[in-house]
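Here's the letter readout for the chains.
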Number of protein chains: 2
Amino acid sequence: MYRTHTCGELRLNDVSKEVTLAGWVQRVHSKGGVTFIGLRDRYGITQLIVDNNSADTVKEIVGKLGREFVIQTQGKVVERSAKNPKIPTGDIEIAVTAIKILNQAETPPFTIEEESDGGDELRLKYRYLDLRRPPLQHNIMLRHRMAQSVRSYLDSQGFLEIETPFLIRSTPEGARDFVVPSRMNAGEFYALPQSPQTFKQLLMVSGYDKYFQIVRCFRDEDLRADRQPEFTQIDCEMSFVEREDVLNTFEGLAKYLFKSVLNLEFSDKFPRISYAEAMNKYGSDKPDIRFGMEFHELTDKVKGKGKNFVVFDSVEYVGSICAKGCAEYTRKQLDALTDFVKRPQVGAKGLVYIRWSAEGIKSSIDKFYTPDELQAIATGMGAKQGDLILILAGDRKKTQEALGTLRLEMGVRLGLCDNTKFAPLWVVDFPLFEWDEETQRFYATHHPFTSPNPDQLDLFNSNKKEDIQQVTANAYDFVVNGSEIGGGSIRIFDSNMQKQMFKLLGFTQEEAEAQFGFIINAFKYGAPPHGGIAFGFDRWCAIFGGADSIRDYIAFPKNNSGRDTMLDSPAPIAQAQLDELNIRLNLKKE
Amino acid sequence: MYRTHTCGELRLNDVSKEVTLAGWVQRVHSKGGVTFIGLRDRYGITQLIVDNNSADTVKEIVGKLGREFVIQTQGKVVERSAKNPKIPTGDIEIAVTAIKILNQAETPPFTIEEESDGGDELRLKYRYLDLRRPPLQHNIMLRHRMAQSVRSYLDSQGFLEIETPFLIRSTPEGARDFVVPSRMNAGEFYALPQSPQTFKQLLMVSGYDKYFQIVRCFRDEDLRADRQPEFTQIDCEMSFVEREDVLNTFEGLAKYLFKSVLNLEFSDKFPRISYAEAMNKYGSDKPDIRFGMEFHELTDKVKGKGKNFVVFDSVEYVGSICAKGCAEYTRKQLDALTDFVKRPQVGAKGLVYIRWSAEGIKSSIDKFYTPDELQAIATGMGAKQGDLILILAGDRKKTQEALGTLRLEMGVRLGLCDNTKFAPLWVVDFPLFEWDEETQRFYATHHPFTSPNPDQLDLFNSNKKEDIQQVTANAYDFVVNGSEIGGGSIRIFDSNMQKQMFKLLGFTQEEAEAQFGFIINAFKYGAPPHGGIAFGFDRWCAIFGGADSIRDYIAFPKNNSGRDTMLDSPAPIAQAQLDELNIRLNLKKE
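Every chain's residues receive numbers from 1 upward, in the order its sequence appears when written. Numbering of ligands from 1 and lettering of chains from A proceed in the order in which they are written. Per-residue local features are limited, in this predicted model, to residues with pLDDT of at least 70; the limit for side-chain atom pairs, both in listing and counting, is 80 or more; totals at the level of whole chains, interfaces and linings are taken over all residues. To get the side-chain values, all heavy atoms of the structure are used, and hydrogens and water are removed first.

The subject of this paragraph is the nonpolar core. As used in this record, nonpolar core signifies buried Ala, Val, Leu, Ile, Met, Phe, Trp, Tyr and Cys residues forming a set joined through side-chain atoms within 4.5 Å. Think of it in three bands: residues with accessible area under 20% of the maximum for their type are buried, residues over 50% are exposed, and the middle band is partly exposed, with areas taken using a 1.4 Å probe on protein chains only. Tyr128 and Phe556 of chain A together with Ile162, Leu203, Phe433, Phe460 and Met501 of chain B are the most contacted members of the largest nonpolar core, which has 46 residues in total. Val471, Phe507 and Ala522 of chain A together with Leu129 of chain B belong to the second largest nonpolar core, which has 45 residues in total.

Pasting the structure below:
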């Protein structure tokens, strides 16, 4: 061993010990004949000190040191005269008696400190250097702790971690597969799994009633911001359970993680709200409930009331939020908010406001509604003097979503989205189907094995479009701070229900067989009732770390074009490899 | 929840409890108006009993039950009159008061019992049914326990589990890569990792001084028996360590696994033997030391002695083993052994024996050596009356390997290879290089980053072929019961040593840059001394389970042609997929 201690562990009560440390030179600076060296490893930084009394051999080597050199040093722990309260080792330093350069280092392309001077692309290219920075090390260690805690909890609950294959078969449903040409089976391909969904359901058929896996998944999608082509999932499934059992089990997991990783105690049950309620209150199926600012629907109060305000009179839905203490927003601020909601990503046509300042009620619709009417609206939604009411109108779903985006924006502006606060909840009772106008058919909101809620069977079996549209799924999402961290469902295990499902999705028996025959077949041999959930592990780590982006919670991520700029991957392969795989390139001419 | 208890947990002290169970019908049989149902889940089997006093509704449903039906039942725990001591629940049974068929089952294609009547291929096709059998469930649970124990030990030792990418870059060295065409980067490919070797060394450069991962790896090799195209590795690396530190750490892991998984205590240090000693004593670099039967080299004792026995006189090496108590082997048995060693896989030219029976010494070389000479050989190797000495002669390495195979065969014949006994050891000091006659160059026995032993630097730097051939590597294998379970090395971190290594391997600077430039580059920014090890997790599980094959320790394995017959994968993909990936098939005409 090259060291007796790490660079993060020596304290005052180690004073006068002879120690050997090894690590990277963070910085060297000299002052009045004394040289101070910051020696860093992933555990911390310890100060080394070399002065005029030090051996010449030591001084000579110290003279050669540069940033990021790897050194080994021996010395005695001494109390510092000028202590550094910012670091745990700040009370001591090492009076160096011997020093050895283990490896030199070229000057790194950016500074390796808490905050780096390197840009994103440069730091991705030299990821192995960026990973030396304390914030990234903290993230990677958090992720490690999360993974161990997930496993220790699920193991304690009798779950088995079972590995499923990575070289599987391509399925036409869902997102695009990455495929792997088979050399030994010319013209055939494996696919990389988008999730172990099929396998976990098979494992239930096999009787492994509590399964989990922390597993890499792959989706060849056009990458949106903060998506990775490979990502990690905590994948779980249980047999002989109903929704309540699944929610309780994984609420237990979440509470255990909050406690063991963040030392946060959640004694109450997590809130459970229906999809309908989430949309009506927050305009989102993954509401951020760190703050209230719930919607107030004004449709009945304003539509057809007042003096012919066409905007409100003509729409399906009018909704509002109350921004506490924002009555003094300037014209400019209000214009900025209007621009915000009119951006294509938000999609509102305009923004109506009512401000309740010391001077009374003022609004952008004073021409159409009397002060009393406006006052009634404000009072009706619990506004107080000093508040600003923001109103959107239009089609119900789109407007609720736009208002939800505005609510989040106001949350940020008002400092209500504190990343060290956590507000978990369950969203349940999603619609089982989505109607697609274009193709005039239903699609499964989740997947074709998601069961309807037990009280929905009459609607589910009715075959009338208006009934089918109402059917809620026995599905659930786990949401924290406005991010969907997990989702799952109770699966269909009854073959008649499955047949009806396929029928509603417009599959002929033959099509269903072709696409899902394999799992339908397995289910013939005794499938137990089962259900499960999958969590986005990268996302969960990022949320726990208080970050918006998952990228810095993945040791070696890809950029937004799916490239690993460090490896320069993907890359061309040799003709011999192509030949062996029985494929050739088919590049489009530009 | 569909149950109050599992089918494995009820005991005598639960008698008179009202319980609800759910599971699969293992068997139904009726005797004298009483029907017994074996209800199975992964926890065990519980007997249900229905008699004339049972409700008609219950009897009616019981009449419909078939093998592997999924049922839910309620009843009272009662003491059995005829107890079954073979199963933990054998003291009780459930007097059924209600029963419900949750799912029917078609008759499975083979019996789902301890021993199945299904053949290998059939059981692979219906793997989800085979996985219901208790031996496979035991294996999968063992694997789970192994994985949790590995993590809990390494976590306790300060190791961080860090996930590395699966979509990486193809490298020309080593085994063949599986590749993944990139849709977004036309004409380019990712590769699936053969191991995270590069990444773990980068993580050392990044300062994560103790890394591990239980990770899937991929090799597109022509499959030998019991190889899988995807397999799982326990991958580990440490910084600021020497060989002794690595061996102690992972010997600690192995002992922890023996204790926590098998309840076996190993208080002594594991034996450490050099590659040279392993070859000289056991003719194998992964010796099975559950039994002795060490080689005795006879070269000096027989070569040029006796009456012109050309076979011994002309060879480089004569070696022998002593098979205790086998002096009475018949002619036929000896002929069988001769045939065994002459098989091409073993490759010996013939077999010489000396038997020491009650009638004295007899041998197949009585014509060439006097009884005294033969007696001296026998006595010299510690043989006793009743023993059989088996002798092979030829080139040293080949003959030692053949004798090693014969030794293992005798070990099996003599019942010395008890799969419930475990004999772990470390094999160290492998040759750093292998000389290839055909290409007239050295190859790295492990990989080009393996360092020579610290005492070998003069030889390593000498550039003389005869010196280079002698250099031993700072590398180590972990061997249990004749299987290599893990292997690793202390890596080169000094750039001059690395240059010398590439030179000895016949790489020009440009070739080295082209193949390894990326990691060489990373090492310029301060690489610490480091080393590591990787364990074959599938193999380790199989060894702990006392099995020869890894296949039944993998939930969903592939067959020997790399096919998943359950999924029928690999499979053709759609033309649209090929088009999107900018490739087309290039099938050879038969």
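From this point, the narrative continues.
Our focus in this paragraph is the interface of chain A and chain B. A common measure of how large an interface is: the accessible area buried when the components associate. Contacts are assigned to residue pairs that have any heavy atoms within 4.5 Å of one another. Counting residues at the interface gives 125 residues for chain A and 125 residues for chain B. Note on definitions: buried area is the accessible-area loss of two parts on being combined, 1.4 Å probe, summed for both. The junction of chain A with chain B conceals about 11500 Å² of combined surface from both sides, 56% of it contributed by carbon and sulfur atoms. Interface area lost by chain A to chain B is led by Glu163, Phe240 and Tyr525 of chain A, which between them contribute 8%. In what follows, salt bridge is the name for a side-chain nitrogen of Lys or Arg lying within 4 Å of a carboxyl oxygen of Asp or Glu. Inspection of the region where chain A meets chain B yields 22 salt bridges. Arginine 176 of chain A is the partner of glutamate 580 of chain B in a salt bridge, and the nearest nitrogen-oxygen pair spans 2.8 Å. A 3.5 Å cut-off defines polar contacts: any pair of N or O atoms within that distance qualifies, except that in protein one atom must be a possible hydrogen donor and the other a possible acceptor, and neighbouring residues in sequence count only when both atoms are side-chain atoms. Joining chain A to chain B, the criterion identifies 85 residue pairs in polar contact (both at pLDDT 80 or more). Per-element accounting of the side of chain A that touches chain B gives the leading share, eleven residues, to helix H4 (residues 134-156) of chain A. Gly is put with the polar residues, along with every residue not named as nonpolar or charged; the nonpolar set is Ala, Val, Leu, Ile, Met, Phe, Trp, Tyr, Cys and Pro, and the charged set is Asp, Glu, Lys and Arg. For the side of chain A that touches chain B, the per-class residue count stands at 67 nonpolar, 26 polar and 32 charged. By definition, any uninterrupted DSSP run of H or I lasting at least four residues is a helix, any uninterrupted run of E lasting at least two residues is a strand, and each is numbered from the N terminus.

With that settled, the discussion passes to the pattern of salt bridges. Under the counting rule described, the total for this entry stands at 85 salt bridges over all chains. Here arginine 143 of chain A makes a salt bridge to glutamate 163 of chain B, at a shortest N to O gap of 2.8 Å. One end of the pair, arginine 143 of chain A, is in helix H4; the other, glutamate 163 of chain B, is in the loop between strand S6 (160-161) and strand S7 (179-181), on a second chain. By the burial criterion, arginine 143 of chain A is buried, and glutamate 163 of chain B matches it. Among the ionic contacts, a cluster of salt bridges with common partners joins Arg143, Arg216, Glu230, Asp538 and Lys558 of chain A together with Glu163 of chain B.

Another aspect to go through is the sheet that holds strand S16 (residues 388-394) of chain A. Residues and elements named next belong to chain A. A sheet is described by the order of its strands in space; here five strands give the open sequence S12-S13-S16-S14-S15, paired in antiparallel fashion. The open sheet is flanked by strand S12 (296-297) and strand S15 (360-363), the only strands paired with a single partner. Here four bridges tie strand S14 (residues 352-357) to S16, and the two strands are oriented antiparallel to one another. The residue bridging valine 352 from the neighbouring strand is isoleucine 391, located in S16. Pairing between two strands is assigned when DSSP locates at least 2 bridges connecting them.

Attention now moves to the packing of aromatic side chains. All names here are of chain B. Only Phe, Tyr and Trp rings are paired, with Trp represented by its six-membered ring, and only when their centres lie within 6.5 Å; those with planes under 30 degrees apart are stacked, over 60 edge-to-face, the remainder tilted. Taken as a whole and judged by the stated rule, the model has 71 aromatic pairs over all chains. The interplanar angle of 75° and the centroid separation of 5.9 Å between the aromatic rings of phenylalanine 166 and phenylalanine 218 together place this pair among those described as edge-to-face. Placement of the pair is phenylalanine 166 in the loop between S6 and S7 and phenylalanine 218 in strand S9 (residues 210-218), with a sequence separation of 52 residues. By the burial criterion, phenylalanine 166 is buried, and phenylalanine 218 matches it. Between tyrosine 275 and phenylalanine 430 the ring centres are 5.5 Å apart and the planes differ by 40°, which places this aromatic pair in the tilted class. Separated by 155 residues along the polypeptide, tyrosine 275 in helix H7 (residues 275-282) and phenylalanine 430 in the loop between strand S17 (424-428) and strand S18 (433-436) bring together distant segments of the chain.

So, about the relation of the copies chain A and chain B. The copies are overlaid by a least-squares fit using only the C-alpha atoms of residues whose pLDDT is at least 70 in both copies. Once chain A is rotated about the relating axis by 180° and shifted along it by 0.0 Å, it coincides with chain B to within an RMSD of 0.1 Å. Both copies are brought into coincidence by an operation consistent with a two-fold rotation axis. Of the interface residues in chain A, 100% have counterparts in chain B that sit at the interface too, so the contact is made through matching surfaces.

Attention now goes to the confidence of the model for chain A. What pLDDT expresses is the predictor's confidence in each residue, scored from 0 to 100. Per-residue pLDDT for chain A has a mean of 95; in total, 99% of the residues score no lower than 70. This prediction of the complex comes with two scores: 0.95 for pTM and 0.95 for ipTM.

Our next topic: the packing of helix H5 (residues 197-205) of chain B against helix H16 (residues 509-523) of chain B. Residues and elements named next belong to chain B. For the pair H5 and H16, the least separation of the axes is 10 Å and the interaxial angle reads 15°. Relative to H16, H5 is oriented roughly parallel. Here the hand of the crossing between H5 and H16 comes out left-handed. Between H5 and H16, the contacting residues are Thr198, Gln201, Leu202 and Val205 on the first element and Phe518, Ile519, Ala522 and Phe523 on the second. Fitted lines through C-alpha atoms give the axes, limited to the stretch in contact for helices. The angle between two N-to-C directions lies from 0 to 180 degrees. Angles below 35 degrees are treated as roughly parallel, those above 145 as roughly antiparallel, those between 65 and 115 as roughly perpendicular, and all remaining angles as oblique. In this scheme, a crossing is called left-handed if the near helix is turned counterclockwise away from the far one by less than a right angle; it is called right-handed if the turn is clockwise.

Attention now moves to the environment of glutamine 157 of chain A. Mapped onto the fold, glutamine 157 of chain A is located in the loop between H4 and strand S6 (160-161). Through-space distance from the C-alpha of glutamine 157 of chain A to that of leucine 253 of chain A is 9.5 Å; in sequence the pair is 96 residues apart.

This brings us to the domain arrangement of chain A. Residue and element names in this part refer to chain A. The domain limits used here are those given by an automatic or database domain assignment. According to the domain assignment, chain A contains domain 1 (12-103), domain 2 (135-267 + 541-577), domain 3 (291-413) and domain 4 (424-534). Just the C-alpha atoms count here: the centres of domain 2 and domain 4 sit 22 Å apart. On the side of domain 4, 31 residues touch domain 2, which itself brings 28 residues to the contact. Between domain 2 and domain 4, roughly 2400 Å² of surface is buried when both sides are summed, and carbon and sulfur atoms account for 69% of that area. Considering only the surface of domain 2 that becomes buried against domain 4, Gln201, Arg243 and Ile543 emerge as the three largest contributors, covering 25% of it.

In this structure, glutamine 137 of chain A sits in helix H4. Glutamine 137 of chain A sits in the buried class, given a relative accessible area of 6%. Of note is the side chain of glutamine 137 of chain A, whose polar atom sits 3.1 Å from the backbone oxygen of serine 206 of chain B. If we skip the residues at most four places from it in the chain, glutamine 137 of chain A touches Asp41, Arg42, Leu131 and Arg132 of chain A together with Ser206, Gly207 and Tyr208 of chain B.

Residues and elements named next belong to chain B. Spatially, the five strands line up as an open sheet ordered S12-S13-S16-S14-S15, and their pairing is antiparallel. Either end of the sheet is taken by a strand with one partner, and the two such strands are strand S12 (296-297) and strand S15 (360-363). This element, helix H11 (residues 371-380), spans strand S14 (352-357), S15 and strand S16 (388-394) of the sheet and lies at about 85° to S14. Strands S12, strand S13 (317-323) and S16 of the sheet are contacted by helix H12 (residues 396-413), whose axis makes an angle of about 10° with S13.

All names here are of chain B. Assignment of secondary structure puts asparagine 481 in the loop between strand S20 (475-480) and strand S21 (483-490). Given the relative accessible area of 11%, asparagine 481 is considered buried. Of the polar contacts made by the side chain of asparagine 481, one reaches the backbone oxygen of lysine 421; its length is 2.9 Å. Those residues in contact with asparagine 481 that sit more than four places away from it in its chain are Asp288, Arg290, Lys421, Phe422 and Ala423.

By the secondary structure assignment, isoleucine 573 of chain A is in the loop between helix H17 (537-544) and helix H18 (575-580). With a relative accessible area of 13%, isoleucine 573 of chain A lands in the buried category. On a C-alpha basis, the gap between isoleucine 573 of chain A and valine 78 of chain A in space is 57 Å, while along the polypeptide they are 495 residues apart. Excluding its chain neighbours within four sequence positions, the residues that come into contact with isoleucine 573 of chain A are Leu578 of chain A together with Ser170, Val179 and Phe189 of chain B.

Residue and element names in this part refer to chain B. Here strand S1 (residues 18-31) pairs with strand S4 (residues 70-79) via seven bridges, running antiparallel. In the sheet register, alanine 22 faces S4, and the bridge partner there is glutamine 72. As paired elements, S1 and strand S2 (residues 34-41) share seven bridges and run antiparallel to each other. The residue bridging tryptophan 24 from the neighbouring strand is arginine 40, located in S2. Between the end of S1 and the start of S2, which pair antiparallel, lie two residues, with glycine 32 showing a positive phi angle near 55°.

Moving on, we get to unusual backbone geometry. All names here are of chain A. Note the cis peptide between serine 569 and proline 570, where omega equals 0°. Structurally, the position occupied by proline 570 is in the loop between H17 and H18. Phi at phenylalanine 240 is positive, roughly 60°, even though this residue is not glycine. Assessed through its relative accessible area of 1%, phenylalanine 240 is described here as buried.

Take a negative patch on the surface next. Patch membership requires over 30% relative accessible area and the absence of a salt bridge. Like charges are linked within 9 Å, and nonpolar side chains (Val, Leu, Ile, Met, Phe, Trp, Tyr) within 5 Å. Here the Shrake-Rupley method, with its probe set to 1.4 Å, supplies the accessible areas, and only the displayed protein chains count as covering residues. Neither His nor the chain ends contribute to the count of charged residues, in which Lys and Arg are positive and Asp and Glu negative. Taken as the charge centre is NZ of Lys, CZ of Arg, CG of Asp or CD of Glu, depending on the residue. A cluster of acidic residues, Glu113, Glu114, Glu115 and Asp117 of chain B, forms a negative patch on the protein surface. With respect to the secondary-structure elements, glutamate 115 of chain B resides in the loop between strand S5 (92-103) and helix H2 (120-125).

With that out of the way, let us pick up the environment of arginine 539 of chain B. Residue and element names in this part refer to chain B. Position of arginine 539 relative to the elements: it lies in helix H17 (residues 537-544). Spatially, the C-alpha atom of arginine 539 lies 33 Å from that of glycine 394, the residues being 145 residues apart in sequence. Ignoring anything within four residues of it in the chain, the contact list for arginine 539 reads Asp226, Ser483, Glu484, Ile485, Asp548 and Ile550. At 3.0 Å, the side chain of arginine 539 and the side chain of aspartate 226 are in polar contact.

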